[in-house]
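# Structural overview for review
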Amino acid sequence: MLRYTFKVHYDGCSKFEQEWAMVGWRMTGIMNNHPRVSVIVTSYNYAEYIEEAIQSVFTQTYSSIELIVVDDGSEDNSRDIIETLSHDAPIEVKTIFQDNAGQASALNAGYAQAEGGIIALLDSDDHWYPNKIEQMVEFIRMCPDAGVYQHQLDTGFGLKRGGMVSADVFLL
């Protein structure tokens, strides 16, 4: 299992350097004082990990969250776990159970249901620290001109990979 941490260093935002927990972010609307965050988790046969991933969304310190879990035709007991966890969830949970069509199809199904101004992606075999979304929303407020927000990967063994992608990468 991998944990995600992030040290911010962004041109124009270099004053804001702090360790974060985040996965992948895309801003889809105008920031307001408390933007809604849509978290999309896709899963295929990850029963061993899916509960920890979902619970890490439930324990976020940021409150304006919806969780969209897309099961891509799992053949293990992932569906049972997802249904059990979503039944008495502390936040809104949307579940999608589809025939296996691949991760891209599962992500598209999740995007179609997302209502948040910020979309966050969480792999079903990973988990977040409790303040991940709160800190990421603050970072987006401070550096609103980026197109995609990503992070370094903390493998749990002191190894880090990844980095920031600036908005100019996406300009045509």
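Refer to the structure presented above.
Notes on the structure follow. (Residues numbered from 1 in each chain as written. Predicted model: local features only at pLDDT ≥ 70, side-chain atom pairs only at ≥ 80, totals over all residues. Heavy atoms only, no water.)

### Details of the packing of aromatic side chains
Overall, the coordinates contain 1 aromatic pair when judged by the stated rule. Measuring from centroid to centroid gives 5.7 Å for Tyr-46 and Tyr-49, while their planes differ by 55°, and the two rings are tilted. The partly exposed category is assigned to Tyr-49, whose relative accessible area is 26%. Across from the ring centre of Phe-97, 4.0 Å away, lies the NZ or CZ of Arg-79, which sits over that ring. (Phe/Tyr/Trp six-rings, centres within 6.5 Å; stacked < 30°, edge-to-face > 60°. Buried < 20%, exposed > 50% of the residue type's maximum accessible area, 1.4 Å probe, protein only. Lys NZ or Arg CZ within 6 Å of the ring centre and 35° of its normal.)

### Examining the layout of surface pockets
As a volume, the second largest pocket reaches approximately 180 Å³. Every residue lining the second largest pocket is listed: Thr-42, Ser-43, Tyr-44, Tyr-46, Asp-72, Asn-100, Gly-102, Gln-103, Asp-123, Ser-124 and Asp-125. Across the lining of the second largest pocket, the residue classes tally to 2 nonpolar, 6 polar and 3 charged. (1 Å grid on protein atoms, 1.4 Å probe; cavity = no way out; pocket = protein on both sides within 12 Å on 5 of 7 lines; lining within 4 Å. Points joined across faces, edges and corners; volume = space filled by probe spheres on them. Nonpolar A, V, L, I, M, F, W, Y, C, P; charged D, E, K, R; others polar.)

### Concerning the pairing of strand S7 (residues 92-98)
Note that strand S6 (residues 65-72) and S7 share 7 bridges and pair parallel. Within S7, the residue paired with Asp-72 across the bridge is Gln-98. Between the parallel elements S6 and S7, the chain passes through helix H2 (residues 78-87) in a crossover that is right-handed. (Pairing = 2+ DSSP bridges. Helix = DSSP H or I, 4+ residues; strand = E, 2+ residues; numbered from the N terminus. Right-handed = clockwise from strand over helix to strand, strands pointing away.)

### Let's talk about the nonpolar core
For soluble globular proteins, nonpolar side chains are generally found buried alongside one another. Within the largest apolar cluster, 29 residues are counted, with the highest numbers of intra-cluster contacts made by Val-37, Val-39, Ile-54, Val-57, Leu-67 and Ile-133. Contributing elements (two or more residues each) for this core: strand S5 (37-43), helix H1 (47-58), S6, H2, strand S8 (118-123) and helix H4 (132-142). For Val-39, the residues in contact, after removing those within four places along its chain, are Val-57, Ile-65, Glu-66, Leu-67, Ile-68, Ala-120, Leu-122, Trp-128 and Ile-133. Among the nonpolar cores identified, the runner-up in size contains 8 residues, and Ile-68, Ile-96, Leu-107 and Ile-119 belong to it. (Core = buried A, V, L, I, M, F, W, Y, C linked by side-chain atoms within 4.5 Å. Contact = heavy atoms within 4.5 Å.)

### A few points about the environment of Ala-47
Structurally, Ala-47 can be placed in helix H1. Assessed through its relative accessible area of 13%, Ala-47 is described here as buried. Separated by 28 residues in sequence, Ala-47 and Glu-75 place their C-alpha atoms 9.5 Å apart. Excluding residues within four positions of it along the chain, Ala-47 makes contact with Asp-76, Asn-77, Ser-78 and Ile-81.

### Things to note about the side chain of Ser-43
With respect to the helices and strands, Ser-43 occurs in strand S5. On the basis of relative accessible area, Ser-43 is assigned to the buried category, the value being 4%. In contact with Ser-43, not counting residues within four places along its chain, are Ile-50, Val-70, Asp-71, Asp-72, Ser-74, Ser-78 and Ser-124.

### Side note on the packing of H1 against H2
The contact between H1 and H2 brings their axes to 9 Å, and the two run at 20°. The angle between the axes of H1 and H2 places the two elements in the roughly parallel class. Remark: the crossing between H1 and H2 carries right-handed chirality. Facing H1, whose interface residues are Ala-47, Ile-50, Glu-51, Ile-54, Gln-55 and Phe-58, H2 presents Ser-78, Ile-81, Ile-82 and Leu-85. Of the residues that constitute the contact of H1 with H2, the class distribution is 7 nonpolar, 2 polar and 1 charged. (Axes fitted to C-alpha atoms, helices over the stretch in contact; angles between N-to-C directions. Parallel < 35°, antiparallel > 145°, perpendicular 65-115°, else oblique. Left-handed = near helix turned anticlockwise from the far one by under 90°.)

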